[in-house]
Amino acid sequence: MTMKNPLSIWLKLALAASFFAIAADMARAQQPDAAALYREHCVACHGEQRLGGMGPALLPESLQRVKPAEASAVIARGRQATQMAGFADKLSAEQIGALARWIYTPVSPAPTWSEAQIRESRSVVEGAATLPARPAWRADPMNVFLVVEGGDHHVSVVDGDRFEVMHRFASRFALHGGPKFSPDGRFVYFGSRDGWITKYDLWNLTVVAEVRAGLNMRNVAVSGDGRWVMAANYLPHTLALFDAELNLVRTYAAAAADGKATSRVSAVYDAQPRRSFVVALKDIPELWEIPYDRGALEPRRTLLSEPLDDFFFDQSYRHALGATRPKSDGSPSAQVVDLDARKRVAELPLAGMPHLGSGITFAWNGSTVLASPNLKDGVVQVIDMKNWQTVKSIATPGPGFFMRSHENSRYAWVDSMMSPTAKDTLTIIDKRTLEPVAQVREPGRTLAHIEFTRDGRYALASVWEMDGALVVYDAQTFKEVKRLTMSKPVGKYNVFNKITRSEGTSH
Ligand code: HEC
C-alpha cells in the first residue's frame with residue numbers, strides 16, 4: 001500500500017476550508033440586510049425601533065394576531081385604501097421575505113417607554129375643554145351605540161332608536177378591549193393595540209385628548225367616579241394611571257410580590273361598587289386590587305397558585321371569576337377569587353376553554369347563574385353561583401366567543417364564531433328553560449358580537465367581515481329589522497348598558 005503525500009491532503013483541506021469560508025461570505029452578502037432595508041423603506045412610517053408613527057408598531061407583540069404570510073403579503077402588495085403601499089416593484093421576494101421575518105424578532109436593545117415619554121406623547125385638542133355640556137345632536141344620549149369598525153379603523157356613532165349612523169370618525173389603528181364611558185356617558189376612552197388612549201367627547205363628536213400609555217396595550221378602564229383612567233400594558237410590563245384629562249399620575253411596575261419577576265398585564269377592569277380597579281397579570285400568579293377612593297392607590301395583592309387570564313365579576317363584585325391556562329395534563333381550569341377574603345375560594349367545573357371575559361349572569365330558579373361561551377367546544381355552561389356547581393351544559397353548533405342578554409329579555413344570544421362551519425350561526429337560548437329555541441344565520445359569513453338596545457327590545461349583531469354589516473334583530477321575534485353596511489364591525493357598545501353595568505353584558 002502506498003502512502004499518499006500527507007502534505008497534499010493538508011493542502012486540499014486548507015483549500016476546501018477557505019473555499020467554504022468564501023462561499024459562506026458570499027451567501028451572507030446575498031442575504032438581504034433587513035435592518036438596512038427597514039431604515040431605507042419603512043422607518044418613515046413605522047418609526048425608529050419599529051415603535052410606530054403614522055403606521056402601526058411592528059413588534060413581535062404587536063404582530064401576534066398577524067400571520068407571517070399575511071405580513072409578507074402586506075409588504076408586497078400593500079393594504080388597499082391605506083397609506084401602506086406595496087413594495088413588490090421596489091424589493092425582491094427575498095428582501096420582502098427577510099423583512100417579514102425580521103419584524104417578528106425582538107428589537108434590541110429592548111425598547112422602553114418611560115414616564116417622561118408618556119407625558120411627552122400627550123396632546124390636547126384646542127378649545128375642546130370649553131365645549132357645551134349637552135349633546136349637539138338629537139337622539140337619546142343613553143341609547144347611542146359606538147360601533148368599532150376594525151376593517152378600516154373607524155368608529156360609527158349609531159342612534160339606538162332609529163338605527164342610523166349619526167357620525168363616523170377615524171380611530172387609532174386596532175382598537176383593543178372595548179371603549180369605556182365616563183359616568184354621565186359624555187366621554188369615551190378608547191385604547192389601541194399600540195398603546196394610545198383617545199378621549200372622545202361623544203356629545204360634541206370630537207377628540208379631546210390623546211396619550212400613549214405603552215407600546216403594546218391590552219385595555220383601559222375608567223373609574224366609576226370618572227376621575228381615573230388605568231391602562232394595562234403588555235409592553236412595557238406596566239400599568240399606567242391617568243387623571244380624566246389623560247395627565248399621567250404614575251406607572252406601576254407589574255412585578256411579583258418578591259420583586260423578582262415582572263409580567264405582562266392581561267386586563268384591568270373597574271369594580272365600581274368596590275371603588276377599585278382589579279388587575280389580572282399574565283405571567284405571575286397574583287390578582288391586584290387598586291382602591292381609588294383613598295388617595296394612595298396602592299395595589300393589594302391576592303396570591304394565587306396560577307395566573308388568571310381574563311376574568312369577570314359577579315353582580316355583587318365580591319368575586320372575580322377567571323380562567324387560568326390549561327393544566328399540564330391539558331385539563332381546563334377556572335377559579336373564583338373572593339376579593340374581600342383575598343383568596344381563591346372555588347375551582348369552577350368548566351370544560352374546554354371557557355371565555356369567562358364574555359360571561360353573563362341572570363336569575364334562574366331562585367338562584368343566580370353564570371353562563372359562559374366556550375372557545376374550544378360547542379357548549380354554553382351554566383353554573384349556579386351559590387355552590388359553583390354546573391346546572392346545565394347547553395349544546396351549540398360550535399365554539400363561541402361572545403354571549404349577551406339583557407335584564408328585559410327572556411333570551412340570551414351566543415355565537416359560534418370559533419367554528420369554521422358554524423361561525424355564521426347565532427343560537428338563542430331561553431333563560432328560563434335553558435334550552436336553545438332559535439337560530440339566526442348569515443350563511444358562509446361570520447356572525448358575532450351581540451349587544452342589546454337600552455330597553456332590551458332589539459339585539460344588534462355584527463357580520464364580522466370587511467364588507468360586513470350591523471344587523472338589528474327584534475329580540476322577541478328574532479326577525480331582522482334593519483341592516484347597516486360596516487367595515488368589519490368588531491364590537492358595539494350601548495352607553496346605557498355599559499354605564500349601568502347591565503348583567504347581560506361584560507363591563
Ligand atoms: C407611507 C407610510 C408607510 C410606509 C413607507 C410603510 N408602511 Fe407599512 N403600514 C403603513 C400603514 C398606515 C399601515 C396600516 C394599514 C392598515 O390600516 O391596515 C401599515 C401596515 C403594515 C403592516 C401590517 C401591520 C398590521 O399590524 O396589520 C406591515 C407588516 C407593514 N406595514 C410593513 C411595512 C414594511 C416592512 C415597510 C417597508 C418596506 C412598510 N410597511 C412601509 C404605512 C407605511
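These lines cover the structure that appears in this document, whether it is placed above or below.

**Let's talk about the overall build of the protein chain**
The helix and strand tally for the protein chain stands at seven helices and 33 strands. Relative to its length of 507 residues, the protein chain is compact, with a C-alpha radius of gyration of 26 Å against a globular reference of 23 Å. Dimensions of the protein chain, computed from C-alpha atoms along their principal axes, come out at roughly 100 × 60 × 55 Å. Counting every position in the protein chain, which comprises 507 residues, the buried fraction comes to 52%. Taking all contacts inside the protein chain whose residues are at least 6 apart in sequence as the whole, residues at least 24 apart take part in 46%. Surface accessibility of the protein chain: about 23,000 Å² in total, with carbon and sulfur atoms responsible for 54%. Once the 59 positive and 54 negative side-chain charges of the protein chain are each reduced to a mean point, those two points are 2 Å apart.

**Focus on the site of the ligand**
Taken together, 22 residues lie around the ligand, and Cys42, Cys45, His46, Arg79 and Met84 are the ones closest in. With respect to the ligand, the side chain of Arg79 contributes an N or O atom lying 2.7 Å from an oxygen atom. Measuring from an oxygen atom of the ligand, one finds a side-chain N or O atom of Arg193 at 2.8 Å. For the shell around the ligand, the secondary structure elements donating two or more residues are helix H3 (43–46) and helix H4 (68–77). Counted by class, the shell around the ligand contains 14 nonpolar, six polar and two charged residues.

**Regarding the packing of helix H2 (residues 34–41) against helix H5 (residues 93–102)**
The contact between H2 and H5 brings their axes to 9 Å, and the two run at 95°. With respect to their mutual orientation, H2 and H5 come out roughly perpendicular. Here Ala34, Ala35, Leu37 and Tyr38 of H2 come into contact with H5, specifically with Gln95, Ala98, Leu99 and Trp102. Its residues assigned to classes, the contact of H2 with H5 comprises seven nonpolar, one polar and no charged.

**Examining the coordination of the iron atom of the ligand**
Binding of the iron atom of the ligand to the protein goes through His46 (NE2) and Met84 (SD), at separations of 2.0 to 2.1 Å. Every donor counted, the six donor atoms about the iron atom of the ligand form angles of 86 to 178° at the centre, which fits octahedral coordination. In this pair, His46 is assigned in helix H3 and Met84 in the loop between H4 and H5, connecting sequence segments 38 residues apart. His46 gets classed as buried once you look at its relative accessible area, which sits at 11%.

**Examining the sheet that holds strand E1 (residues 123–124)**
What the five strands build is an open sheet, ordered E1-E8-E7-E6-E5; its pairing is antiparallel. A single partner strand is all that each edge strand has here, and the edge strands are E1 and strand E5 (180–181). Examined bridge by bridge, strand E7 (residues 196–201) and strand E8 (residues 206–212) share six bridges and lie antiparallel to one another. Across the sheet, Asp201 pairs through a bridge with Thr206, a residue of E8.

**A short note on H4**
Residues of H4 that are buried: Ala71, Val74, Ile75 and Ala76. Of the residues one or two after H4, Gly78 is the one with positive phi, at around 80°.

**Quick word on the packing of aromatic side chains**
All told, the structure shown has 14 aromatic pairs when counted by the stated rule. Between Trp413 and Phe478 the ring centres are 5.9 Å apart and the planes differ by 80°, which places this aromatic pair in the edge-to-face class. One end of the pair, Trp413, is in strand E26 (residues 411–415); the other, Phe478, is in the loop between strand E31 (468–474) and strand E32 (480–486), and 65 residues separate them in sequence. With respect to class, Trp413 is no different from Phe478; both count as buried. One aromatic cluster in this structure is built from Tyr269, Phe311, Phe313 and Tyr317. It is Lys199 that lies over the ring of Phe187; its NZ or CZ is 4.2 Å from the centre. Geometry around Phe496 places Arg454 over its ring, the cationic atom sitting 4.5 Å from the centre.

**A closer look at the pairing of strand E9 (residues 216–222)**
Regular strands place their side chains on alternate faces of the sheet. With six of seven residues buried, E9 lies mostly within the body of the structure. Strand direction decides the pairing type here: E9 and strand E10 (residues 228–235), joined by six bridges, are antiparallel. Its bridge partner lying in E10, Asn216 is registered against Leu235. Joining the antiparallel neighbours E9 and E10 is a turn of five residues, in which Gly226 adopts a positive phi near 75°.

The rules behind each value
- Residues numbered from 1 in each chain as written.
- Predicted model: local features only at pLDDT ≥ 70, side-chain atom pairs only at ≥ 80, totals over all residues.
- Heavy atoms only, no water.
- Helix = DSSP H or I, 4+ residues; strand = E, 2+ residues; numbered from the N terminus.
- Rg over C-alpha atoms; globule rule 2.2 N^0.38 Å.
- Buried < 20%, exposed > 50% of the residue type's maximum accessible area, 1.4 Å probe, protein only.
- Contact = heavy atoms within 4.5 Å.
- Areas by Shrake-Rupley, 256 points an atom, 1.4 Å probe, with all protein chains shown as cover.
- Lys, Arg positive; Asp, Glu negative; His and termini not counted.
- Charge placed at Lys NZ, Arg CZ, Asp CG, Glu CD.
- Near = heavy atom within 4 Å.
- Polar contact = N/O pair within 3.5 Å; in protein donor to acceptor, adjacent residues only side chain to side chain.
- Nonpolar A, V, L, I, M, F, W, Y, C, P; charged D, E, K, R; others polar.
- Axes fitted to C-alpha atoms, helices over the stretch in contact; angles between N-to-C directions.
- Parallel < 35°, antiparallel > 145°, perpendicular 65-115°, else oblique.
- Donors = N, O, S within 2.8 Å, 3.2 Å for Na, K, Ca; no water.
- Tetrahedral: all angles 85-135°; square planar, octahedral: opposite > 155°, others 65-115°.
- Pairing = 2+ DSSP bridges.
- Phe/Tyr/Trp six-rings, centres within 6.5 Å; stacked < 30°, edge-to-face > 60°.
- Lys NZ or Arg CZ within 6 Å of the ring centre and 35° of its normal.

The values are spatial; any link to function lies outside them.
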